[in-house]
Amino acid sequence: MRSLTSRRRHKAVRPLLMLLALLVTGTLYSLAAPPQQSSADTSLVATGKGLFTQSCASCHGLGGEGTSAGPAITDVGALAVDFEVSTGRMPKAGPAIQSAPKVNLFTQTETDALAAYVASLATGPAVPTKAQYDPAGLTEEQLARGGELFRTNCSACHNYQGSGGALPNGAVAPSLLDASAKHIYEAMRVGPNQMPIFNESTMPDTDVRSIAGYLQELHAQPAGGLTFGGVGPVAEGFFAWVIGIGALTLFAVWIAARGARAR
Amino acid sequence: MAKPAGLADSAPVLETTRPDAEPTPGRLAEVGNWVDERTGLGKVAKGGLRKIFPDHWSFLLGEIALYSFIILLLTGIFLSLWFKPSMGEVEYAGSYQLLKGLPMSEAYASTLAISFDVRGGLLVRQVHHWAAMLFVASATIHMLRVFFTGAFRKPRELNWLLGVGMFSIALIEGFAGYSLPDDLLSGTGLRFVDGLVRSIPIVGTWLEFLVFGGEFPGTLIIPRLFIAHVLLVPGLILGLVGAHMALIVYHKHTQFPGPGRKETNVVGYPLFPVYMAKAGGFFFIVAGVTTLMGATMQINPVWNFGPYNPSQVTAGSQPDWYMGWVEGAVRIMAPIEWHLGSTTWSWNVFLPAVVLMGLLFTVLGAWPFVESWLTGDKAEHHLLDRPRNAPIRTSLGVAGMTCYALFWLAGGNDILATQFHVSLNDVTYFMRVAVFVGPVIAFFITRRVCLALQHADNERVLHGSESGVIVRAPGGGYSEAHEPLTEDELFTLTQHEQLAPLEATPATDGHGIPVAGAGVSKRRARLSGWFMGTTVVKVSADELHDHHDEPVPAEK
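In this text, all values refer to a predicted model and were calculated from it rather than measured experimentally. (Residues numbered from 1 in each chain as written. Chains lettered and ligands numbered in written order. Predicted model: local features only at pLDDT ≥ 70, side-chain atom pairs only at ≥ 80, totals over all residues. Heavy atoms only, no water.)

### So, the overall build of chain B
From N to C terminus, chain B includes 19 helices and 9 strands. For chain B, the spread of C-alpha atoms along the principal axes amounts to about 90 × 80 × 65 Å. The proportion of buried residues among the 556 residues of chain B is 46%. Sequence-distant contacts in chain B: of pairs separated by 6 or more residues, those separated by 24 or more amount to 75%. Total accessible area on chain B stands at roughly 28,400 Å², and carbon and sulfur atoms take up 66% of it. Separation between the mean location of the 39 positive side-chain charges and that of the 47 negative ones in chain B comes to 3 Å. (Helix = DSSP H or I, 4+ residues; strand = E, 2+ residues; numbered from the N terminus. Buried < 20%, exposed > 50% of the residue type's maximum accessible area, 1.4 Å probe, protein only. Contact = heavy atoms within 4.5 Å. Areas by Shrake-Rupley, 256 points an atom, 1.4 Å probe, with all protein chains shown as cover. Lys, Arg positive; Asp, Glu negative; His and termini not counted. Charge placed at Lys NZ, Arg CZ, Asp CG, Glu CD.)

### Observations regarding the domain arrangement of chain B
For interface size, the figure often reported is the accessible area lost on association. Residue and element names in this part refer to chain B. Domain parsing of chain B yields domain 1 (48–385) and domain 2 (459–549). One C-alpha centre belongs to domain 1, the other to domain 2, and the line joining them spans 42 Å. Taken together, the 12 residues of domain 1 in the interface contact 11 residues of domain 2. Carbon and sulfur atoms supply 71% of the area buried between domain 1 and domain 2, which totals about 1,100 Å² over both sides. Summed over the three residues of domain 1 that lose the most area to domain 2, namely P259, W373 and L374, the buried surface amounts to 51% of that side. At the surface where domain 1 touches domain 2, the tally comes to 0 salt bridges. The tally of links between domain 1 and domain 2 comes to 2 residue pairs in polar contact (both at pLDDT 80 or more). Among the residues forming the side of domain 1 that touches domain 2, the class breakdown is 6 nonpolar, 4 polar and 2 charged. (Domains from an automatic or database assignment. Buried area = accessible area lost by both parts, 1.4 Å probe. Salt bridge = Lys/Arg side-chain N within 4 Å of Asp/Glu carboxyl O. Polar contact = N/O pair within 3.5 Å; in protein donor to acceptor, adjacent residues only side chain to side chain. Nonpolar A, V, L, I, M, F, W, Y, C, P; charged D, E, K, R; others polar.)

### Quick look at helix α4 (residues 106–116) of chain B
Residue and element names in this part refer to chain B. For α4, the tally of buried residues reaches 8 of 11 residues, placing the bulk of the element in the interior. Among the residues of α4, those classed as buried are A107, Y108, A109, S110, T111, L112, I114 and S115. In this structure, the buried side of α4 is in contact with α3 (61–80), β3 (89–91), β4 (103–105), α5 (121–148), α9 (221–251) and α11 (302–305).

### Some words on the interface of chain A and chain B
Listed per partner, the contact involves 57 residues of chain A and 68 residues of chain B. The interface formed by chain A and chain B contains 1 salt bridge. A salt bridge links A:E140 to B:K100; the nearest nitrogen and oxygen atoms lie 3.1 Å apart. Summed over the shared surface of chain A and chain B, the result is 17 residue pairs in polar contact (both at pLDDT 80 or more). Elements supplying a minimum of two residues to the side of chain A that touches chain B: α8 (140–153), α9 (155–158), β1 (165–166), α11 (205–220), α12 (233–257) and β3 (261–262) of chain A. For the side of chain A that touches chain B, the leading source of residues is α12(A), giving 18 residues. Class assignment of the residues belonging to the side of chain A that touches chain B gives a composition of 31 nonpolar, 17 polar and 9 charged.

### Some details on the pairing of strand β8 (residues 465–472) of chain B
The pairing of β8(B) with strand β9 (residues 478–483) of chain B spans 5 bridges and is classified as antiparallel. If you follow B:S465 over to β9(B), its bridge partner there is B:E483. (Pairing = 2+ DSSP bridges.)

### Looking at a nonpolar patch on the surface
Taken together, the side chains of B:V433, B:F436, B:V437, B:I441, B:I445, B:V449 and B:L453 present a nonpolar region at the surface, about 640 Å² in accessible area. You can see B:I445 is positioned in helix α16 (residues 424–463). (Patch = residues over 30% accessible without salt bridge, like charges linked within 9 Å, V, L, I, M, F, W, Y side chains within 5 Å.)

### Details of the domain arrangement of chain A
Residues and elements named next belong to chain A. Each assigned domain of chain A is listed with its residue range as follows: domain 1 (42–127) and domain 2 (128–221). Each of domain 1 and domain 2 has a C-alpha centre, and the two are 23 Å apart. Each side of the interface is counted separately: domain 1 has 13 residues, and domain 2 has 17 residues. Interface area, domain 1 with domain 2, both sides summed: about 1,200 Å², of which 57% is carbon and sulfur. Applying the counting rule to domain 1 against domain 2 returns 1 salt bridge. For D82, the salt bridge identified is with K182, shortest N-O distance 3.2 Å. Linking domain 1 with domain 2 are 4 residue pairs in polar contact (both at pLDDT 80 or more), by the criterion used here. Counted by class, the side of domain 1 that touches domain 2 contains 6 nonpolar, 4 polar and 3 charged residues.

### As for the packing of aromatic side chains
As enumerated under the stated definition, the model contains 36 aromatic pairs over all chains in all. The interplanar angle of 85° and the centroid separation of 4.4 Å between the aromatic rings of A:Y160 and B:F305 together place this pair among those described as edge-to-face. Separated into two different chains, A:Y160 in the loop between α9 and β1 and B:F305 in helix α11 make up a pair that spans both. For A:Y160, a relative accessible area of 2% puts it in the buried group. Geometrically, the ring pair formed by B:Y404 and B:W408 is edge-to-face, given 5.5 Å between the ring centres and 65° between the ring planes. One end of the pair, B:Y404, and the other, B:W408, are both in helix α14 (residues 391–410), 4 residues apart, so they sit about a helical turn from each other. Given the relative accessible area of 28%, B:W408 is considered partly exposed. Aromatic ring contacts, followed pair by pair, group A:W241, B:W321, B:Y322, B:W325, B:Y404 and B:W408 into a single cluster. The ring of B:Y275 carries the charged tip of B:K278 above its face, separated from the ring centre by 5.9 Å. (Phe/Tyr/Trp six-rings, centres within 6.5 Å; stacked < 30°, edge-to-face > 60°. Lys NZ or Arg CZ within 6 Å of the ring centre and 35° of its normal.)

### Thoughts on the state of the cysteines
Per the stated rule, a full pass over the model turns up 0 disulfides over all chains. Free of any disulfide, A:C59 has its nearest cysteine sulfur in A:C56, 8.9 Å distant. In this model B:C450 remains outside any disulfide bridge; the closest cysteine sulfur is found in B:C403, 19 Å from its own. In this structure B:C450 comes out as buried when scored by relative accessible area, which is 5%. (Disulfide = S-S within 2.5 Å.)

This is the structure we're talking about:
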């Protein structure tokens, strides 16, 4: 121990001690602090309230009553929360024209907790059950009818195969190529951003299932070659020029460069 | 441009030795004789087969159009064997289950049948559509080549007009084909044209009833477009192609300037065997490229659009590319509409669609005559201009291309907005200004580039090409040695004629009597001065001579 004593005034001692102290505190805290989900006495609603206070309240108010930065959401119900949070639209990363989908950082349990909390504020639509949105078991005629419904009600903004499209003032109708049946159902009931609400009286659950089923089937179909994003004739014209005329011009250069000389 | 441009001398030599005289004609010769004795084709073939064509890649661009037209005829015949040009309603019972049981027109149902139930049908449909895109595209670049090299000058003005005519009816042909399948997209396109027809003041509504046989969409338009698409317009194009080619043979092909190339000769290869092989081979290349595109790239997936229903419209509704600029003009046009009495004057559609299209074809058709009015040049031209040596023409051409391209981009304003994450409104507002400002900027930049290139040519003629060898003078200074150009290159760079601009002739003669007829007005002289005077005067023989007397500074 003599060596330690002799070095106790070494200039590295203070930073090292500081590091040690931080390490001990951190370790002790991580052992003592309760894991988020483990306490048995915390109900789903209470967890949700905590998460809401952390991630949502700055715009929607502590009780969901709304602020100048965000609307009141007391009566939107669990359905809207499930849609907005699980697609990553909420919480917003920053002020923007519309909430864009991004990677969802909440677990399913956390999303459920948030939904349960918001549902407890007032009555609102509940998260749909699988029977409400799952297109399994539809007949071919029902799927074809889903296509007609899609073209009549949705394709004006979302494009003929759901590739998405532009809306005024920087807003967009998002692509539905990767949208799940549940999210399509929820979006139609919620009407996020510019989208109109399709409630059960105008669009019964069966019709929603048909639309989701049509899109799933459509996207599973093989295409007639490369599709260039499925955005229609603009992309086709672009590739006609770049690939078609590009290749043929190169061939023309090649043909003209191959000469023969008469003696 | 570092080294003097050399001539390729590694090309294989074409042997033209005569075969030993055969005592008896072979079987082939006998057949040839038989045909010649009865038709007299030998004489025609003898002259035609030895017809000389000059060699340049840009002369092959028009051939792409010709070959894609042939491919369109062949694939079109195949498609017409199955297509039913009828708007009669049927319930779909084909093999594409996602449309099962839906009411649709026979035209759409038969297009689905071609795509899914006819062996090879989808491939042929896609090849046909890609070939159509390439047909108009190659006609466009062919026209640009002719314009920028001045190949439309005397004696080829009429052939230019034939080309403009073919180009304009090719748009009609393409549009008719786009409308035939009667899917949601083609129906939306028809609705666009319906609006365009109705926007014609006073008579629009009556014209619409004439075209559609009643209210849009009616039941007549598909059969009518079908006959236009498979008989009327292709027949017209075929006839015009014949006349276009006959005039090429009569005029002989133009050639780029160079040593040995004169206004009175054509330097190149004979049709047989060289051009037969080259052009024939190029046909198969064009056929191969379009087939590859049809096999690997999806185009116009009609089954995704669904049958046409006037109550529906889809995002991403655009015409094929060649109508995109009209679409763009309509999209960015300000909403101006008059109501006079019981009439509606839809300037918001009439100006950007009908007037703008008319303007393009009028300008294209008038240009050869406008230019000859500006230059007063009545001579025949078989040697092409290098674009830089006609700076104002080249700049006007690039300005026109820029204007077209901006209208074109505006036609995809929604796609631009979603693909580049910008606001649809911003794209639209930007384009409203850009279609006017862009061409002006393009004009001045191109003029500057042309003049700079002319200066560079003069520099090269006077001082030779940079050798890449840096020489250190005894005094310590560094300079790059220049090598003199070959006689051939000197000729190519200085052969072009530079005519003086027109000068105004007095409006009255010496006695104060007005001169009738062929005088040059002051305004015409001013425009001529601008058109022909904006150029760099080429190196004269004396200047070149003086420079060559100077000792070459670089010695190794």
